[in-house]
Amino acid sequence: MTTSGWADVDSYLVETLVADPDSDAALEANKAAGLPAIDVSPPQGKFLHLLARTVGARRVLEIGTLGGYSTIWLARAVGPKGRVVTLEFAARHAEVARANLDRAGVGDRVEIRVGAALDSLPVLAQEDPEPFDLVFIDADKVNNANYVLWALRLTRPGSVIIVDNVVRGGTIADERSEDPNAQASRELVELLTAEPSLDATVVQTVGAKGWDGFAYAVVNGDEVE
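A brief report on the enclosed structure follows. (Residues numbered from 1 in each chain as written. Predicted model: local features only at pLDDT ≥ 70, side-chain atom pairs only at ≥ 80, totals over all residues. Heavy atoms only, no water.)

### Digging into the environment of T155
1) Next: Looking at the element boundaries, T155 is found in strand β5 (residues 155–163).
2) Next: Sequence separation between T155 and F132 is 23 residues, and the spatial gap between their C-alpha atoms is 4.8 Å.
3) Next: Non-local contacts of T155, meaning those with residues more than four positions away in its chain, are made with P131, F132, V135 and V219.
4) Next: In terms of polar contacts, T155 uses its side chain to reach the backbone carbonyl oxygen of A151, at 2.8 Å. (Helix = DSSP H or I, 4+ residues; strand = E, 2+ residues; numbered from the N terminus. Contact = heavy atoms within 4.5 Å. Polar contact = N/O pair within 3.5 Å; in protein donor to acceptor, adjacent residues only side chain to side chain.)

Next up, the structure:
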């Protein structure tokens, strides 16, 4: 199947299974505000929502807010008593995200922290928050390994860590690639392989956004050998 065929399947799934007015409105608002069209796809957004519900997540950390599209899906999953903390580098993006979240009726359960994530994460850790049940990482790719290490400090055994956009059209498998993002993906896989606190895999995906994939990791407990 061609790339256009992947997009056709995504369109069918969105129309029949995933369509959501509030999420669609967020994508339109992001486009109108001139934000880059790099949100997760609607099927992936719904997947994050279902995953968070499956693990019973009540506290979610998101690294990379953009316009809040994935944040809406996650905020719905945690419920009115849950909490999402999301980190966004650009103040303009955070402003658009706040409007989208409020419009979707989930703004009261989402805290947006503006600034470089590697500056925000140490501050968050110093606050000694309750562990996060799920961490979704979708920010600058060259720091993915650093973000996972911080996620380990902020989670508990059984927590889930998802890192988006790691396959990168297959360049993850090319050890000669000079693309910093591809190199970062390989660094991430090496970390996931070596880190005893994590059990992980990578799932490839195809769709309207092309060929990519995400890393899926679970934080191990003492009982895991």
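Further notes follow.
### Some details on the pattern of salt bridges
1) Next: A complete count under the given rule lists 11 salt bridges for this structure.
2) Next: The salt bridge partner of R83 is E111, with a shortest N-O separation of 3.9 Å. One end of the pair, R83, is in strand β2 (residues 83–88); the other, E111, is in strand β3 (residues 110–114), with 28 residues separating them in the sequence.
3) Next: Of the residues examined, R83 reaches a relative accessible area of 30% and is grouped as partly exposed.
4) Next: According to the relative accessible area criterion, E111 is partly exposed, its value standing at 25%.
5) Next: The structure contains a network of salt bridges with shared partners spanning R83, E111, R113 and E127. (Salt bridge = Lys/Arg side-chain N within 4 Å of Asp/Glu carboxyl O. Buried < 20%, exposed > 50% of the residue type's maximum accessible area, 1.4 Å probe, protein only.)

### Quick look at the packing of helix α1 (residues 3–18) against helix α3 (residues 42–54)
1) Next: Where α1 contacts α3, the axes come no closer than 9 Å and their chain directions differ by 45°. In terms of orientation, α1 lies oblique with respect to α3. Residues D10, V14, L17 and V18 of α1 touch α3, and the partners they reach there are P42, P43 and K46.
2) Next: In the contact of α1 with α3, the residues fall into five nonpolar, no polar and two charged. (Axes fitted to C-alpha atoms, helices over the stretch in contact; angles between N-to-C directions. Parallel < 35°, antiparallel > 145°, perpendicular 65-115°, else oblique. Nonpolar A, V, L, I, M, F, W, Y, C, P; charged D, E, K, R; others polar.)

### What about the sheet that holds strand β6 (residues 198–207)?
1) Next: One open sheet accounts for seven strands, arranged β3-β2-β1-β4-β5-β7-β6; its pairing is mixed. Lying at the two open borders of the sheet, with one neighbouring strand each, are β3 and β6. Strand-to-strand, the axes of this sheet are offset by a mean angle of 15°, without reference to chain direction.
2) Next: When strand β1 (residues 59–63) meets strand β4 (residues 132–137), the two strands line up parallel, connected through four bridges. Looking at β4, one finds that E62 is bridged to F136.
3) Next: Together, β4, β5, β6 and β7 (210–219) form the strand contacts of α3, whose direction differs from that of β4 by roughly 165°. (Pairing = 2+ DSSP bridges.)

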